[in-house]
Amino acid sequence: HCLKLARLSLSSLFFTMSRALIVAAFLGCVLATAHASSPATWYDCTKNGMATVKSVAINPNPPAVGVNTTVVGSGTLTGTVPTGSTFSVSMYYSGIRLLSKSGSVCKDSYIDLPLGLGTVYVEGLACPVAPGTLSLTETAYIAKSPPSGDYKIQLSTSTPSGDEIVCVGITWDA
């Protein structure tokens, strides 16, 4: 029932940007399952952030129930992520908000998904995190199919002073 994120021996430097990518991608993967009619697509919604998303790869896409799903995210962080940075994630089904969750970027987080679809575990960062190139691979196991419809997930991260770090979104039709 829980999504399992693979532990990697990457430094915190490689985790900051990818954490945002992975949370958004995993929430998207959980819902873009068995009866998905189109693959999930991602977009960088960062306006004036300190990170640039280069790519997000989801395999299989659309994900399938009962099969491990791998999400690989990469990008560049141009500023330092300080202790106290936060994330905010929202999930919409056919325009209706089903989930709104926020937490610390620097602590482990559990996100219970709506409709009993599972739980996302996100490993927190060892803040502060220095600038650099980012790459991370994670794995999820999806336990249950979602209802058909249009889905959108948007995840944003910010510093304690409110400066944007990164924003990533995922959309798909299930």
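Position numbers for residues count from 1 along each chain, tracking the sequence in the order it is written. Side-chain atom pairs in this predicted model are given and counted only at pLDDT of 80 or more, local residue features only at pLDDT of at least 70, and totals for whole chains, interfaces and linings cover all residues. Calculation of side-chain values draws on the structure's entire complement of heavy atoms; hydrogens and water are dropped beforehand.

Caption draft 1: Highlighting a nonpolar patch on the surface. A grouping of Ile 96, Leu 98 and Leu 115 is seen on the molecular surface, where their side chains present a nonpolar patch of about 260 Å² in accessible area. Locating Ile 96 in the fold gives a position in strand S5 (residues 96–104). Residue exposure (1.4 Å probe, protein chains only): buried if accessible area is under 20% of the type maximum, exposed if over 50%, otherwise partly exposed. The class for Ile 96 is exposed, based on a relative accessible area of 53%. Only residues whose relative accessible area exceeds 30% and that take part in no salt bridge are eligible for patches, with like-charged residues grouped when within 9 Å of each other and nonpolar side chains (Val, Leu, Ile, Met, Phe, Trp, Tyr) grouped when within 5 Å. We get accessible surface area from the Shrake-Rupley algorithm with a probe of 1.4 Å; when it comes to residues, only the shown protein chains can shield them. A pair is scored as a salt bridge if a Lys or Arg side-chain nitrogen falls within 4 Å of a carboxyl oxygen belonging to Asp or Glu. In this description a helix means any DSSP run of H or I spanning at least four residues, a strand means any run of E spanning at least two, and both kinds are numbered starting from the N terminus.

Caption draft 2: Broad picture of unusual backbone geometry. Omega for the peptide link from Asn 59 to Pro 60 comes to 0°, which places this bond in the cis form. For the peptide bond that leads from Cys 127 to Pro 128, omega is 0°, which places it in the cis range. Non-glycine residue Ser 94 carries a positive phi angle of around 50°. Tracing the sequence through the fold places Ser 94 in the loop between strand S4 (86–93) and S5.

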